[in-house]
Amino acid sequence: MRLIFHTEHSVEEFSTQNSKLFPKPQQRCPFKDCALPIELKKHGYYTRYFVSKTFSGILYIRRYICPVCGRTISMLPVFLLPKFQYSGLDIIQMLHELFQGGSTLKRYVEGIRQCFPAMDRRHINYYKKRILENREFIQYGLNLISPEFISVGSIPENQVWVKEFLDIVHRIQPHVFLVDFYQKTGESFMTLQNMVA
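Residues numbered from 1 in each chain as written. Predicted model: local features only at pLDDT ≥ 70, side-chain atom pairs only at ≥ 80, totals over all residues. Heavy atoms only, no water.

Let us now look at the overall build of the protein chain. Within the protein chain one finds six helices and four strands. Going from the N terminus to the C terminus, the protein chain shows its helices and strands as β-β-β-β-α-α-α-α-α-α. Once the C-alpha set of the protein chain is aligned to its principal axes, its extents read approximately 50 × 40 × 25 Å. Burial statistics for the protein chain: of 197 residues in total, 43% are counted as buried. (Helix = DSSP H or I, 4+ residues; strand = E, 2+ residues; numbered from the N terminus. Buried < 20%, exposed > 50% of the residue type's maximum accessible area, 1.4 Å probe, protein only.)

Where helix H5 (residues 158–172) meets helix H6 (residues 174–185), the closest approach of the two axes is 6 Å, and the angle between their N-to-C directions is 105 degrees. Between H5 and H6, the angle is such that the two are roughly perpendicular. For the pair formed by H5 and H6, the contact residues are Phe165, Val169, His170 and Ile172 on the first element and Pro174, Val176 and Phe177 on the second. (Axes fitted to C-alpha atoms, helices over the stretch in contact; angles between N-to-C directions. Parallel < 35°, antiparallel > 145°, perpendicular 65-115°, else oblique. Contact = heavy atoms within 4.5 Å.)

The mixed open sheet is built from four strands, whose spatial order is S1-S4-S3-S2. Every interior strand has two partners, whereas the edge strands, strand S1 (2–5) and strand S2 (41–51), have only one. Between one strand axis and the next, the sheet turns through 30 degrees on average, direction left out of account. Relative to strand S4 (residues 72–77), S1 runs parallel, the two sharing four bridges. Bridged to arginine 2 within S4 is serine 74. (Pairing = 2+ DSSP bridges.)

Attention now goes to the state of the cysteines. A full pass over the atoms with the stated rule returns zero disulfides. No disulfide involves cysteine 34; its sulfur sits 3.8 Å from that of cysteine 29, the nearest cysteine. (Disulfide = S-S within 2.5 Å.)

Here the focus is the packing of aromatic side chains. Under the criterion given, the structure shown has 16 aromatic pairs. Their ring planes at 70 degrees and their centres at 5.5 Å tell us that phenylalanine 165 and phenylalanine 177 sit as a pair that is edge-to-face. Of the two residues, phenylalanine 165 sits in helix H5 while phenylalanine 177 sits in helix H6, which places them 12 residues apart along the sequence. With relative accessibility at 0%, the residue phenylalanine 177 sits in the buried group. Joined through ring pairs, the aromatic side chains of Phe5, Phe14, Phe22, Tyr45, Phe50, Tyr60 and Phe79 make up one cluster. Positioned above the aromatic ring of tyrosine 45, the side-chain terminus of arginine 62 is 4.1 Å from the ring centre. For the cation-ring pair, arginine 71 lies above phenylalanine 31, with the distance from its terminal atom to the ring centre recorded as 4.3 Å. (Phe/Tyr/Trp six-rings, centres within 6.5 Å; stacked < 30°, edge-to-face > 60°. Lys NZ or Arg CZ within 6 Å of the ring centre and 35° of its normal.)

Let's shift gears to H5. If you check H5, its first and last C-alpha atoms are 21 Å apart, about what 15 residues at 1.5 Å a residue would give, namely 21 Å. With a side-chain oxygen lying 3.1 Å from the backbone nitrogen of glutamine 159, the N-terminal cap of H5 falls on glutamate 157. The first or second residue beyond H5 is glutamine 173, which carries a positive phi of 80 degrees. (Expected span 1.5 Å × (residues − 1). Polar contact = N/O pair within 3.5 Å; in protein donor to acceptor, adjacent residues only side chain to side chain.)

A separate point is the pairing of S4. When you tally the buried positions in S4, you get five out of six residues, the bulk of the element. Sheet topology note: the strand S3 (residues 56–65)/S4 ladder contains four bridges and is antiparallel. Bridge assignment links isoleucine 65 to a residue of S4, and that residue is threonine 72. Connecting S3 to the antiparallel partner S4 that follows it, the hairpin turn spans six residues, and glycine 70 within it adopts a positive phi of roughly 80 degrees.

One non-glycine residue, lysine 83, adopts positive backbone phi at about 70 degrees. On the basis of relative accessibility, which here comes to 66%, the residue lysine 83 falls in the exposed class. Even without being a glycine, glutamine 173 presents a positive backbone phi close to 80 degrees. By the secondary structure assignment, glutamine 173 is in the loop between H5 and H6. Relative accessible area serves as the criterion here: at 40%, glutamine 173 is assigned to the partly exposed category.

As structure tokens, then:
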């Protein structure tokens, strides 16, 4: 299980093993079939490769273990998306700029290569495709975060919906959205979901 937490620490600080960067262990097992009121124990670190505008390299992620059920919990700082190398904050920013800017994909990728030299059209197309495929799941998560995000009236076309969604995320702040969405759904907004009505 992964838990996302908000942090004021810089990405660079997570490139060394430092327990002070992570929240205190929970006082209850987060697994529903255990959920016993017991303090989780530190269980080492694992490494992840990470890419953002300001840092590329290895980060150390703290793990905790429930002493009763033996399952582990990974504590991810807000800028990390599970299963993605690029920063969740940067992915949101890239998509927002792309959908708002009106430039061609080729021109957009050429512009962001100053910050992300390895970025190419396939990356951006993958992110665009994933956000469109996850439309129902993202709307579900927004509805859980707040009733004000419940869509009413006619259903907008996908491109319009994505643009409106990204505007909402920027209004409530991307880092707040990432933490709230993960806490409400247990998944990242970019994790592929097949919603069934």
